[in-house]
Structure formats: structure tokens, C-alpha cells
Amino acid sequence: GAVVSQHPSWVICKSGTSVKIECRSLDFQATTMFWYRQFPKQSLMLMATSNEGSKATYEQGVEKDKFLINHASLTLSTLTVTSAHPEDSSFYICSARDRFYGEQYFGPGTRLTVT
Amino acid sequence: GENVEQHPSTLSVQEGDSAVIKCTYSDSASNYFPWYKQELGKRPQLIIDIRSNVGEKKDQRIAVTLNKTAKHFSLHITETQPEDSAVYFCAWNSGYSTLTFGKGTMLLVSP
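Residues numbered from 1 in each chain as written. Chains lettered and ligands numbered in written order. Predicted model: local features only at pLDDT ≥ 70, side-chain atom pairs only at ≥ 80, totals over all residues. Heavy atoms only, no water.

## Let's talk about the overall build of chain B
For clarity, the cut-off: Only DSSP runs of H or I covering at least 4 residues are called helices, and only runs of E covering at least 2 are called strands; the numbering of each starts at the N terminus. For this measure, only C-alpha atoms enter the radius of gyration; the expected value for a globule follows 2.2 Å times N^0.38, where N is the number of residues. Accessible area is worked out with a 1.4 Å probe on protein chains only. A residue is then buried under 20% of its type maximum, exposed over 50%, and partly exposed in between. By definition in these notes, contact holds between two residues if any of their heavy atoms fall within 4.5 Å. Only the protein chains shown count as cover for residues, and the accessible areas themselves come from Shrake-Rupley with a 1.4 Å probe.
Summing up its helical and strand segments, chain B has 0 helices and 11 strands in all. Listing the helices and strands of chain B from first to last along the sequence gives β-β-β-β-β-β-β-β-β-β-β. Computed over the C-alpha atoms, the radius of gyration of chain B is 13 Å, within 12% of the 13 Å expected from 2.2 N^0.38 for a compact globule of 111 residues. Projected onto the principal axes, the alpha-carbon positions of chain B cover approximately 40 × 25 × 20 Å. A total of 111 residues make up chain B; the buried ones form 42% of that total. The long-range fraction of contacts in chain B, counting pairs at least 24 apart against all pairs at least 6 apart in sequence, stands at 53%. For chain B, the accessible surface area stands at approximately 5,600 Å², while carbon and sulfur atoms represent 48% of it.

## Considering the side chain of Gln104(A)
This is how the line gets drawn: Polar contacts here mean pairs of N or O atoms no more than 3.5 Å apart (in protein, one a potential hydrogen donor and the other a potential acceptor; neighbouring residues in sequence count only if both atoms are side-chain atoms).
When you line up the elements, Gln104(A) lands in strand S10 (residues 104-106). Engagement of the side chain of Gln104(A) in a polar contact is seen with the side chain of Tyr36(A), the distance being 2.9 Å. The contact partners of Gln104(A), leaving out residues within four places of it in the chain, are Phe34(A), Tyr36(A), Ser95(A), Ala96(A), Arg97(A), Tyr36(B) and Leu99(B).

## Brief notes about the sheet that holds strand S7 (residues 67-73) of chain A
All names here are of chain A. Filter applied, for reference: By the convention used here, strands pair only if DSSP detects at least 2 bridges between them. Only C-alpha atoms enter the line fits that serve as axes; for helices the fit covers just the stretch in contact. Angles between N-to-C directions range over 0 to 180 degrees.
Ordered by their spatial adjacency, 4 strands build an open sheet running S1-S3-S8-S7, and the pairing between neighbours is antiparallel. Strand pairing shows two members of the sheet lacking a second neighbour, strand S1 (4-7) and S7, which therefore form its edges. Put simply, the sheet's adjacent strands are angled 15° from each other on average, direction ignored. Bridge analysis of S7 against strand S8 (residues 76-81) gives 5 bridges, and the strand direction is antiparallel. In the strand pairing of S8, Phe67 is matched with Val81.

## Examining the state of the cysteines
Quick note on the threshold: A pair of cysteine sulfur atoms is labelled a disulfide when the two atoms are within 2.5 Å.
Evaluated as defined, the whole model comprises 2 disulfides over all chains. Between Cys23(A) and Cys94(A) runs a disulfide, and the two sulfur atoms are separated by 2.0 Å. Measuring the twist about the S-S bond at about 80°, one finds the Cys23(A)-Cys94(A) disulfide to be right-handed. Here Cys23(A) is found in strand S3 (residues 19-25), whereas its partner Cys94(A) is found in strand S9 (residues 90-97), with 71 residues between them in sequence. Put simply, Cys23(B) and Cys90(B) are joined by a disulfide, and their sulfur atoms are 1.9 Å apart. Sign of the S-S torsion, about -95° for the bond between Cys23(B) and Cys90(B), identifies this disulfide as left-handed.

## Some words on the pattern of salt bridges
As a reminder, the rule being used: Salt-bridge detection follows one rule: a side-chain nitrogen of Lys or Arg within 4 Å of a carboxyl oxygen of Asp or Glu.
What the rule picks out here adds up to 7 salt bridges over all chains. With its nearest N and O atoms 2.8 Å apart, the salt bridge here joins Asp88(A) to Lys66(A). With a gap of 22 residues between them, Asp88(A) in the loop between S8 and S9 and Lys66(A) in the loop between strand S6 (57-58) and S7 connect regions that are remote in the sequence. Judged on exposure class, the residue Asp88(A) and its partner Lys66(A) are both buried. Put simply, Asp84(B) and Arg61(B) hold a salt bridge, and the shortest N to O gap is 2.9 Å. In this pair, Asp84(B) sits in the loop between strand S8 (72-77) and strand S9 (86-94) while Arg61(B) sits in the loop between strand S6 (56-59) and strand S7 (62-67), placing the two residues 23 residues apart along the sequence.

This is the structure in C-alpha cells:
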């Protein structure tokens, strides 16, 4: 089946620093990738849609200058949390949509803790 | 975005019983309805999906039904097992746009 990897799986950083999270589709091409945030016992909240070769589309309330997204190839998207604060601590999950069949597959998630 | 209502929020069943989770959507243009299973601390896993040109799809103990007129779709799990315990999310996709997720149903299967 389709595999999406995400790195790192967890990260602890100090307040004010930046963290980059990578999302890769390993065995399929994804023109579109998505970044979600999930708080404990809650659903997936879409942060932004990442399109290969173009600017990301951010959901209302998500600061594009704080959550930088780059989708440089059909298999890689990155999310950079800039100037992280403790309230940014969360579980970040990416997903990739198969460009031919449309199914969406999730990465394993990255647990970010900002101290 | 559009709303997806998912019910119930929690569901407790005995092993061997059936479980049904229902979602109602609002956009009549939606044409793709996947269901995901998420175990604690893990990624959501696509378990079954249905497209708008069919009314039912089955895969072993799991089935999904779609009623486009009423704008609702349901997940059916038969002969539940303890390993089915997880949070289940419905979602819908309009055209080729993003998925919107329901709030999730925590399914607990007691042995």
C-alpha cells in the first residue's frame, strides 16, 4: 500500500527556535500534500494545503509566516514552525494524496514539544 | 469549511456485536467518502472508502453505505473484536478538494 513517512517522529525545542518537519510519499507521487494539527482527543484540523511547485493555501486562522510550507517535489513537503512557542506544542500530521487515484494517506505524525 | 456531523462520539460494544457510526455532510457536490481508523498516538489509517457512484461497499467485516439523497454515510463493523477499539473518523471530499473530517467516534470493544 501507499506509504507516507514523516520526520522527525518527535522533537523537543526551546521557545523561539524553529523546527522543520519533512513529509515524504515513498511509493507514489503526490501533487498535493496536507498538513494537519491534532490536539489530544480531538479531530484533525487542517492547517494548510501544499501544492507541488506553487504556494501553499492556508486555512483561516493559520499564520503563513509562522508555519512555512515548501513543496519542492512530487514526493516531499516540509513544514517549518518558526519562532516556536509552548502553545505550538501539538501532534502534527501530514498526508499525501495520490495524484492518480485520489486516496489520501497519512504520515506517522510528529509530536512537537516547545519548552 | 463544510460541516460533517459524526455520531456517536463514543460507542461501547461487546465483542462479537456490530457497531455503526454515521456521518452527515452538507455539500451535495461531495463525491468521495473515506473512513479512517486512528489508534492512540498513531497515524489515521484508511480502512474503507466509497465514491458517490455506488451505494454500498464491503470489505470483510467492514462496510460503508452511502445515501446521497439524505447526505449521510455510515460505517458498519460486524463481529467486532477488541483490536477494533480505536477512534474512527469519517471524511468527505468535494470534487478534488481537501478532506474535511468528522469529530471522531471512540469505539471500545469489550472482550
